[in-house]
Structures are given as structure tokens and as C-alpha cells.
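Observations on the three-dimensional arrangement
Spelled out, the chains give:
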Amino acid sequence: MSRRTSRLLRVLLAACLLALVPGCGSETRDPLVVLGPWTGEEGRAFEAALDKLDDGTGRTYTYEGTRSLRETLVSQLEADDPPDVAVLNSIGELTEYARRGKLKPLAEASAERAYPPWAPIMLVDNLRRTYWVPLKVDLKSLVWSKRGAPSERPTWCVGLASQATSGWPGTDWIEDLVLHQAGPALYTEWATGRLDWRDPAVERAWTSWARLLGKRSPASVERSLTTSFEGVSDPRGEPRGLLDSPGFDCTHEHQSAFIRYVYAGDDVTVEPSARYLDGQSVYRDAFEVAGDMAAVFSDDPDAQELVERLSSPAGRKLWRAEAEPAVRPLFPDSAGLSPPASATPVEREIDSLLTTRARTLCFDASDVMPPELRDAFHRAVLEFFRDSTQRQLDSLLQQLETVRVQVNTDSGTDRTFRPPQNICA
């Protein structure tokens, strides 16, 4: 008996004993299982919305939130015990699951909400298929600072630790620099594996990052490598952000919109990152974005219905109503969902940038890459942060190019499958 089946049987048995499930006979249907990345306040808000969601099928749901999402899902797939619905932030991983036949094409109602660039075109057997839909999105290409901090000569807060995915705050820097210095077209070629990592535009992004960080002491380098992107915890164990962390004498932080949960006060401001990146003015209104996409792994038709309800305007309103202000979700199409009256100035600024002021949105490049290349990118950023010499950079870019070529070779034999190509919209 699988772990999931055993757990569900225990839930149903307990419900029977409490007389909560009429009959408890053969007509009882297992809850649908949703696997997702949200824990803490985010997880509680999503689970509360899920509990209140009426999808018209009479089904109940079990939510499993984990910070080790990839590892959990891989182990469940290997045990032939996948969740009914999984929510992932990696297009690269989703593409691999679609290639291997693990995902089910979405029903039409959900497929209509596959907004670009979160759900780019993918061809399977020469047919356009939609395998995932964005539920919650994130705006990147942002800089946070203390109100009144001078912007002429910023000093940068950097925390690169993030358990198994350490390094991603650094890849966000490189991606943002490529986007604003070289533009969306080259960014797309690079993110989708069609550009050499040794290309001058890519190399320039790395050297620009080192220049922006400036001269750093060995102690400060080690501190950044070992400190979480959330900053140092306060005495209660709550993250307080890098701008407020002891040992970080810095004025600005390059980080996504989601980090607002550690900067809930009025003393922190947010602005587009373009002005700091030595990019071209024509690209100043380009923003990198990320997202959490729902995909169906089971043949149960109610799983399709669940995804349709979660991505609907009604599902979004329910989710937003259950969330605390600091973790209120952003959505890919917010028609009819303007910020509530309780929204902070930071929340209103982010909403305005995402929905009206951004001219081009490009999906997070490392999350587009196949997992092997993405993980190599994370490791390379950590090594470069420790040693940013040209010799080290040349070696790292050659290693990444080797991985890119190998990944392309391994996947190039399947001519009936074309992964996403257009990841900017």
C-alpha cells in the first residue's frame, strides 16, 4: 500500500468513526491530493481557500505543502503514486514531465487561462497542447531599499542560501542583467538553450554583477553564502530581511515581489531594477517574472475541474480573501481584482508595475532551463560569488556550455516534441 493511499484511508476511517461521512461504504471517494510549494502563512491561506472551494463535484481535498517540492514529486512518481494536481514554478521541470507523458493536457476552460509568458506554446505530436496554467505569479526585476537611502552609490545586500536551491538569488541577478543589457530576444535564446553561455552578452552580465557588488571582504562573502535570502532571524525565529539583518551594512536589495512578507512596515520602498543595471533605455520597462503553475497528473476528471476552479476569478477572490496582506497572491490577469483598500503602498506599486506599467514580461530564465542546467547555474553562481576572477568565470561558463550542449543532445532525438520557445510576452 502506498504512503498516500495509507494516509487517505486513515483520514476516511477517522471520518467514519466520527460519523462525518454518511455511509462510509463503497461510494466514498478519496480526496484529491494537491502538492504545492506553499508553507507557513502562504500554505495556510491556500489550504483555507481549498477547503472552501466548491467545485461542484462533492470531492474533498488534501493539500501537501513542501519546500522540497521537486524531490517529493520525483519520489512519488517513482512510486507510481503521483498527486492528482501539482503546483510547480519550473517550466523546465513541467516540460520534462510533459515529454515523458506524466502530465495530462488541460481541459479547454483551464487552457484558456494559460497566459503568456507563464504558459508558452508547446507542441506535442505536432499539436499545440496546454499542460499547465498559472495560479499565482511573482514580479521580479525589483530593488528594495530603506526609505531615504541614497541611490547614487548603493551597497547591496546579498543572501544566497536557500537549502537545496541555494544560489537562485544570484541567478536572478544574472538573468535581470541579461534582460536589460541585451534585451528580450537574446534573453529568450539564452533561456531556451539556443545561445552559447560564452556569448559576450552573457559574460557581460556576470562581470557587471561583480562590478555592482564591489570589493568585498572574505568575511562578507562567507556571510552572504551562508545567510538565507530571508535574512537573519529575529529572537522569535521570524525572518527580518537582509536590510534589517545584523552584520549586513547595506542599503539596497535585488529581490522579487514575494519578499514583501519580511518588509511589512512603511520604512521600505520598492522600485524597478532597470536604473541600476547599466542597460539600454529601450528595455527599462522589461521585467522578469516567475509563477506557480498547476498541472494535472491523474486521470480523475475531477482533478481537471479543480484546476479550472482554482484558476477562475472566483477561485482567485477566495484565495486572496484568505491570505494575510503580506502574502496576498498576485495573479497573471487581475481583471476585477484591484488591490484591496487595506493594500500597502508597496503592494499597490507592485500591482501597478505588473498589470499596467510593464511593457514586456519574461519568465525566469533558470526556471525555463532543464533541471540539470538550472542546478549547474545555481552552483556556478555560488562559485563565482566566492571567486569572481576572469579565469574562474571562463571556467564556469565553459562548464555551463558543456551542460547545455549535453542536455540539448539528450533531448534532440525526440522530433515530435518541441519545448517552449517564446518565454517573453
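The structure this text deals with has already been given above.
Bear in mind that the values here come from a model prediction, so they are computed numbers and not experimental data. (Residues numbered from 1 in each chain as written. Predicted model: local features only at pLDDT ≥ 70, side-chain atom pairs only at ≥ 80, totals over all residues. Heavy atoms only, no water.)

1. Some points on the overall build of the protein chain
For the record, the criterion: Each helix corresponds to a stretch of at least 4 residues labelled H or I by DSSP, and each strand to a stretch of at least 2 residues labelled E; elements are numbered beginning at the N terminus. Only C-alpha atoms enter the radius of gyration; for comparison, a globular chain is expected to reach 2.2 Å times N to the power 0.38, where N is the number of residues. Three labels apply to residues, based on accessible area from a 1.4 Å probe with only protein chains included: buried if under 20% of the type maximum, exposed if over 50%, partly exposed otherwise in between. We call two residues in contact whenever any of their non-hydrogen atoms come within 4.5 Å of each other.
Each helix and strand counted, the protein chain has 15 helices and 13 strands in total. Relative to the 2.2 N^0.38 estimate, which gives 22 Å for 425 residues, the radius of gyration of the protein chain is 22 Å and therefore close to what a compact globule would have. Each principal axis of the C-alpha atoms in the protein chain carries an extent, and together these give about 70 × 50 × 40 Å. Within the protein chain, buried positions represent 53% of all 425 residues. At a minimum sequence separation of 6, the contacts of the protein chain that also span at least 24 residues come to 78%.

2. Looking at the sheet that holds strand β7 (residues 142-146)
Condition: Two strands form a pair only when DSSP identifies at least two bridges running between them. Between N-to-C directions, angles cover 0 to 180 degrees, with each direction set by a line fitted to C-alpha atoms, over the stretch in contact for helices.
Spatially, the 4 strands line up as an open sheet ordered β8-β9-β7-β10, and their pairing is mixed. Whereas interior strands pair on both sides, the edge strands pair on one side only; in this sheet they are β8 (156-157) and β10 (268-272). With 3 bridges connecting them, β7 and strand β9 (residues 252-254) associate as antiparallel partners. Bridging from a neighbouring strand, Trp144 pairs with Glu253 of β9. The strands touched by helix α12 (residues 345-357) are β7 and β10; relative to β10, the strand with the most contacts, the crossing angle is about 10°.

3. With respect to helix α8 (residues 200-213)
Selection rule: Expected helix span is given by 1.5 Å per residue-to-residue step, counting one fewer step than there are residues.
With 14 residues, α8 should reach 20 Å at 1.5 Å per residue; the first-to-last C-alpha distance of 20 Å fits that figure. Listed as buried for α8 are Val202, Ala205, Trp206, Ser208, Trp209, Ala210, Leu212 and Leu213. Positioned one or two residues after α8, Gly214 has a phi angle of 75°, which is positive.

4. Notes on the packing of aromatic side chains
Aromatic ring pairs are reported here in terms of the distance separating the ring centres and the angle at which the planes meet. Applied cut-off: For Phe, Tyr and Trp, where Trp contributes only its six-membered ring, two rings pair if their centres lie within 6.5 Å, and the inter-plane angle classes them as stacked under 30 degrees, edge-to-face over 60, or tilted in between. Comment: the charge-over-ring label is applied if NZ (Lys) or CZ (Arg) is within 6 Å of the ring centre and within 35 degrees of the ring normal.
Inspection of the entire model under this criterion finds 21 aromatic pairs. Ring geometry for Tyr187 versus Trp190: centroids 6.1 Å apart, planes at 70°, classification edge-to-face. Placement of the pair is Tyr187 and Trp190 together in helix α7 (residues 184-191), with a separation of 3 residues, close to one helical turn. The burial state of Tyr187 is the same as that of Trp190; both residues are buried. Between Trp190 and Trp197 the ring centres are 5.3 Å apart and the planes differ by 70°, which places this aromatic pair in the edge-to-face class. Of the two residues examined, Trp190 and Trp197, each falls in the buried class. Within the aromatic cluster, the residues linked to one another by ring pairs are Tyr187, Trp190, Trp197, Trp206, Trp209, Phe377, Phe384 and Phe385. Its guanidinium or amino end placed over the ring of Phe385, Arg216 lies 4.3 Å from that ring's centre, counting from NZ or CZ.

5. What to know about unusual backbone geometry
The residue after Pro116, namely Pro117, is reached through a cis peptide bond having omega 0°. Locating Pro117 in the fold gives a position in the loop between α5 (108-111) and β4 (122-124). Phi is positive for Asp80, close to 55°, though the residue is something other than glycine. Looking at where Asp80 falls in the secondary structure, it is placed in the loop between α3 (69-78) and β3 (85-88). One non-glycine residue, Asp278, adopts positive backbone phi at about 55°.

6. Re the pattern of salt bridges
Note the cut-off: Salt bridges, as used here, are contacts in which a Lys or Arg side-chain nitrogen is within 4 Å of a carboxyl oxygen on Asp or Glu.
Here the structure, examined in full by the defined rule, presents 29 salt bridges. Between Lys104 and Asp299 there is a salt bridge; the shortest N-O distance is 3.3 Å. Placement of the pair is Lys104 in the loop between α4 (91-99) and α5 and Asp299 in the loop between β11 (286-296) and α10 (301-310), with a sequence separation of 195 residues. The partner of Arg113 in a salt bridge is Glu308, with the nearest N and O atoms 3.2 Å apart. With a gap of 195 residues between them, Arg113 in the loop between α5 and β4 and Glu308 in helix α10 connect regions that are remote in the sequence. Taken as a pair, Arg113 and Glu308 share a single burial class, namely buried. One network of salt bridges, with partners in common, ties together Arg29, Arg59, Asp300 and Asp302.

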